[in-house]
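Here's the letter readout for the chains.
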Amino acid sequence: MRGPLTSGCKLLGSRDCQQAWICPPDLARCQPHSEETETERDVAEVWLSPEQSACSTSYCLSKAMQLALLCPGTDSRMYSTPPRERQLERVAVMGGTHGNELCSIYLVKHWLQGPSELQRGTFAATPFLANPKATKHCIRYVSQDLNRSFTRAFLTSQDTRDGPYEVRQAQEINQLLGPKGSADAFDFILALHNTVSNMAACLISDSEENIFTMHTCHYIQKHTQSPCPIYLYGCPGQESYALQSVAKNGLGLPPSSHPHRVLRADVLSHMRALVACGLDFNDLFNQGTSFPAFDIVAYKIIEPVDFPRSPCGELLGFVHPRLQDKDFFPLKPGDPIFQLFSGEEIFYEGDATIYPAFINEASYCEKGAAFYKMKKCTFSIPPLEAPVASAP
């Protein structure tokens, strides 16, 4: 295969036919936390709840025997036990999806020169630079956001010769690491990003229904010292659009509070440690380790909230100082969210407490998002059984 993505990159192994596994949790529940306990002191639970960190195997297993009580507005239902996964041997680490996120870019460039850091006993992850043209010019994208270009409509578009560069690039990535939704797709993708928002070491997945990814998140939370809140971006009925959705399993890693077009030693080291932790979990799983059920706190997206704007789209104000950098803190009705240039304050008028995320993310202003409203949920994730040995 020719094209900018494949230059300097190698493809792992042959495409053995494997069963794609993105299944619903065995018996998951999502419960909004009561408002009377949601003070700013709850921020410790935002990062890692005491119930989660102290959870015993027997406690978690008993929780997994309940009905699936999903977020309010959805039906309760019982799920069947997920099938046993095979070893995950075809793993990719993607950087430069956005060409101005330098930590991900330079880590991947380093690993392309010497990938030994990505090798484990049961597999060797392959590094890829996702958006070479945007990377060359140190811009987020050339024509459109690559990380919003992995829907089936874009991936199956026939009119791409003169179309957006990122659509052509998404199709090439899909051919190389997919096809999306097929048995031939890569087993796991770690997609590296940066954000200017105060998101801590946020772990991004489309849904709690991917059991392997949720176990990966849980392992990273337990084996890193920094807060690692889980951000679930999928909406009911919406197809997953991100790069990692090409693989059977995927996780986004965007260490936060980092300006674009800047290379910071602390952020780069943090990202490196998160990647190592995720690969370690994959290796333990491949070695035959089973992982018990657990309860975990995660944040599900509700909707974006745009800046105050004039009829012609001009900004009329900015994120309120009391909201700035309060990602994953509770936001109650009546709390200030914006301040107009005139000095007037705008307050949150919702009916319930929500948890804002990606507050004032620079690249989301064009998407009409000053922040995203999130719902805080607790999920009971079923156990992950040791994998079936791959055929010799």
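Residues numbered from 1 in each chain as written. Predicted model: local features only at pLDDT ≥ 70, side-chain atom pairs only at ≥ 80, totals over all residues. Heavy atoms only, no water.

Here we come to the overall build of the chain. Counting its regular elements, the chain contains nine helices and 12 strands. Put simply, the chain has 392 residues, and 55% of those count as buried. Considering only contacts in the chain between residues 6 or more positions apart, those separated by 24 or more positions represent 78%. Of the roughly 16,700 Å² of accessible surface on the chain, a fraction of 52% belongs to carbon and sulfur atoms. (Helix = DSSP H or I, 4+ residues; strand = E, 2+ residues; numbered from the N terminus. Buried < 20%, exposed > 50% of the residue type's maximum accessible area, 1.4 Å probe, protein only. Contact = heavy atoms within 4.5 Å. Areas by Shrake-Rupley, 256 points an atom, 1.4 Å probe, with all protein chains shown as cover.)

Here we come to the pairing of strand β2 (residues 126-129). Where burial is concerned, the two faces of β2 agree: the one with Thr126 and Phe128 and the one with Pro127 and Leu129 are both buried. Sheet topology note: the strand β1 (residues 91-95)/β2 ladder contains four bridges and is parallel. Paired with valine 93 across the strands is proline 127, a residue of β2. Handedness of the β1-helix α4 (residues 102-113)-β2 crossover: right-handed. (Pairing = 2+ DSSP bridges. Right-handed = clockwise from strand over helix to strand, strands pointing away.)

Before going further, it helps to examine the packing of aromatic side chains. Per the stated rule, a full pass over the model turns up 14 aromatic pairs. An angle of 55° between the planes, with centres 4.8 Å apart, marks the rings of tyrosine 299 and phenylalanine 328 as tilted. Note that tyrosine 299 is positioned in strand β7 (residues 294-305) and phenylalanine 328 in the loop between β8 (317-319) and β9 (336-340), a separation of 29 residues in sequence. Aromatic pair tyrosine 364 and tyrosine 372: ring centres 5.7 Å apart, planes at 85°, arrangement edge-to-face. Of the two residues examined, tyrosine 364 and tyrosine 372, each falls in the buried class. Ring pairs connect the aromatic residues Phe188, Phe212, Tyr219, Phe281, Phe285 and Phe291, which therefore count as one cluster. In this arrangement the basic side chain of lysine 109 is found over the ring face of tyrosine 106, its NZ or CZ atom lying 5.1 Å from the centre. (Phe/Tyr/Trp six-rings, centres within 6.5 Å; stacked < 30°, edge-to-face > 60°. Lys NZ or Arg CZ within 6 Å of the ring centre and 35° of its normal.)

Here we come to the sheet that holds β8. Strand order in the open sheet formed by three strands is β8-β9-β10, and the pairing between neighbours is antiparallel. What marks the edges here is a single partner per strand, and that holds for β8 and β10 (345-347). Each strand of the sheet is rotated relative to its neighbour by a mean of 30°, with strand direction disregarded. Note that β8 and β9 share three bridges and pair antiparallel. Paired with glycine 317 across the two strands is leucine 340, which belongs to β9. (Axes fitted to C-alpha atoms, helices over the stretch in contact; angles between N-to-C directions.)

We now examine the pairing of β9. Burial analysis of β9 places four of its five residues in the buried class, the great majority of the element. As paired elements, β9 and β10 share three bridges and run antiparallel to each other. What sits directly across from phenylalanine 338, in β10, is isoleucine 346. Here β9 folds back onto β10, and the loop between the two strands holds four residues, one of which, glycine 343, carries a positive phi near 105°.

Here we come to the confidence of the model for the chain. Any residue range with low pLDDT should be treated as having predicted coordinates unsuitable for detailed reading. In this model, the chain carries an average pLDDT of 82, and 77% of its residues clear a pLDDT of 70 or more. Note that pLDDT drops below 50 for residues 1-82; the model gives that stretch 188 contacts with residues more than four away or on any other chain. (pLDDT = per-residue confidence, 0-100.)

Right, let's talk about the environment of leucine 112 for a bit. Residue placement: leucine 112 occurs in helix α4. As for leucine 112 and proline 127, which are separated by 15 residues in sequence, their C-alpha atoms are 6.1 Å apart.

All right, on to the state of the cysteines then. One pass over the structure, following the stated rule, counts zero disulfides. We note that cysteine 217 lacks a disulfide partner, and the nearest cysteine sulfur, in cysteine 228, lies 8.8 Å from it. With relative accessibility at 0%, the residue cysteine 217 sits in the buried group. (Disulfide = S-S within 2.5 Å.)

Two numbers describe a pair of packed helices, the interaxial angle and the distance between the axes. Running from N to C, α4 and helix α9 (residues 265-286) point in directions that differ by 60°, and their axes come no closer than 10 Å. As the angle between them shows, α4 and α9 are arranged oblique. Pair α4 / α9 crosses with right-handed handedness. In contact with Cys103, Ser104, Leu107, His110 and Trp111 of α4, α9 contributes Val267, Leu268, Met271, Arg272 and Val275. Across the contact of α4 with α9, the residue classes tally to seven nonpolar, two polar and one charged. (Parallel < 35°, antiparallel > 145°, perpendicular 65-115°, else oblique. Left-handed = near helix turned anticlockwise from the far one by under 90°. Nonpolar A, V, L, I, M, F, W, Y, C, P; charged D, E, K, R; others polar.)

Running from amino to carboxyl end, helix α8 (residues 211-223) crosses α9 at an angle of 120°, the nearest separation of the two axes being 9 Å. By the criterion of interaxial angle, the relationship of α8 to α9 is oblique. Here the hand of the crossing between α8 and α9 comes out right-handed. Contacts from Phe212, His215, Thr216, Tyr219, Ile220 and His223 of α8 reach α9 at Leu274, Cys277, Gly278, Asp280, Phe281, Asn282, Leu284 and Phe285. Across the contact of α8 with α9, the residue classes break down as eight nonpolar, five polar and one charged.

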